[in-house]
Every structure is written in C-alpha cells, then in structure tokens.
Amino acid sequence: MRISEFRFTLTLVGLVAAGAASAETFTNQQLIATLGQVSEGAPSIDAALLVEEVAANVGKGSDALPTWSRLAAMPQINVDIEFELNSVAIAPESYRNVGVIADALHDPRLLGHKILIVGHTDSTGDAKDNLKLSAARADAIRDALSTTFAVAPDRLFAVGVGEEMPLNVADPKAAANRRVQLINVGLLK
C-alpha cells in the first residue's frame, strides 16, 4: 500500500490560546493540560444528534449544522495524523501520536471525561463519499484508542462531517481541511 501524501490534522480542542492553527508535535502533558481544562462548562452534546444533523445536510456547509456551532468556536491545537491513501489505515508513523493521545486519556485528570472524535475531509470528490470517509477515519482513531491502547470505549464517540467544516474556507481542497478532531465534551455521568 502507498502512504498518502495528504496529511490529516488531528485537532485537539480545549481551552488553550487561539491561533495555534499549524500542526505541531505535542506531549501527553500538553494534551492533558488542553483537554483537562474542559469540564462542567463543556456544552451538552448528543453524538447521535450530531450524526443526524450532518447526514441531513451533506453539501450544505457548516451553517446548516447549528449543533456544531457550539463546538466550532473552541480554541484548537493541531497535530499530524496520516492515513494510507484512500484508506482508514493509520500510517505506522502516526501511531506515536495516537499513543500519546492514549497516554493522556489514561491520566487520572482525564479518566472521567468523554471524548468526541470528529473526522473531516477536504472537498475533493463527492460530498457523500467524503462524509463516509471522514466517519470511517474517526472510527479508526476510536478503534485504535479503544483496542490497541485500551481506552474505555464508552468514553469515545466518533462522528464524521466530511467537507462541511473546512479550516481553510478560502481553499476547500487544502490539506488543512483533512483532519481528525478530538473534543472533550465533559464528564461521564
């Protein structure tokens, strides 16, 4: 298999300084500090509602996703995760980053938190196909975290949004739009 030249950006969302839009290397302590700051103030999110909203609005852009707007305004840190070309297989060199994420999610400060994993694509190709690919890649991250890295699966929720929420609105086909996003959506109840 050929490794894709395209990079997916893993966006870690928490309460950190806005404007960190470029990809960077991170440690589990940075991840803990970022995701650990979101707790009781996190918006109440229903993953099933998010999936329904996206499926009903394919190709209509983020304005058609009102539930998502509460999450979109949160500050972000970007980290590279690569997938094999046209595949959900995480590239071997990206497992280090997935492992760092898992280490952070095992930390006592994050153990009681729910994590929403959101897959995004650029606008290359059919919008419905992009939605399926983004969901499958979010599922791949969730599955790797819950199986290989033993993160409790009841803490992880995966959703794909396809091309509906680009980071680079001026260039919908830009690599920055191909990413997976982790959002701390609050404490387990």
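Structure: see above.
About the criteria used
Residues numbered from 1 in each chain as written. Predicted model: local features only at pLDDT ≥ 70, side-chain atom pairs only at ≥ 80, totals over all residues. Heavy atoms only, no water. Core = buried A, V, L, I, M, F, W, Y, C linked by side-chain atoms within 4.5 Å. Buried < 20%, exposed > 50% of the residue type's maximum accessible area, 1.4 Å probe, protein only. Helix = DSSP H or I, 4+ residues; strand = E, 2+ residues; numbered from the N terminus. Contact = heavy atoms within 4.5 Å. Expected span 1.5 Å × (residues − 1). Pairing = 2+ DSSP bridges. Right-handed = clockwise from strand over helix to strand, strands pointing away. Arc of directions from axis to C-beta.

1. Re the nonpolar core
- By size, the foremost hydrophobic cluster in this structure holds 26 residues, and its most contacted members are Leu105, Ile117, Ile141 and Leu145.
- Of all the elements, helix 4 (residues 95-106) adds the most residues to this core, at six residues.
- Sequence-distant contacts of Ile117, that is, excluding residues within four places in its chain, are made with Ala138, Ile141, Arg142, Leu145, Leu156, Phe157, Ala158, Val159, Val180, Gln181 and Leu182.

2. Points about helix 4
- Over its twelve residues, helix 4 runs 16 Å from end to end, which matches the ideal 16 Å to within 8%, given 1.5 Å per residue.
- For helix 4, the complete set of buried residues consists of Asn97, Val98, Gly99, Val100, Ile101, Ala102, Ala104 and Leu105.

3. Regarding unusual backbone geometry
- Non-glycine residue Ala150 carries a positive phi angle of around 55 degrees.
- Tracing the sequence through the fold places Ala150 in the loop between helix 5 (127-148) and strand 4 (156-160).
- A relative accessible area of 52% means that Ala150 is categorised as exposed.

4. A look at the pairing of strand 3 (residues 113-120)
- In terms of burial, strand 3 is a largely internal element, eight of the eight residues being buried.
- Note: strand 3 against strand 5 (residues 179-187), seven bridges, orientation antiparallel. In the strand pairing of strand 5, Ile115 is matched with Asn184.
- As paired strands, strand 3 and strand 4 are joined by five bridges and run parallel to one another. Within strand 4, the position partnered with Ile115 by the bridge is Leu156.
- Once you follow strand 3 into helix 5 and on to strand 4, the crossover reads as right-handed.

5. Some points on helix 1 (residues 28-35)
- Within helix 1 the residues assigned to the buried category are Leu31, Ile32, Thr34 and Leu35. Seen along its axis, helix 1 keeps its buried residues to an arc of 165 degrees; they face one direction.

Nothing here speaks to function; it is geometry throughout.
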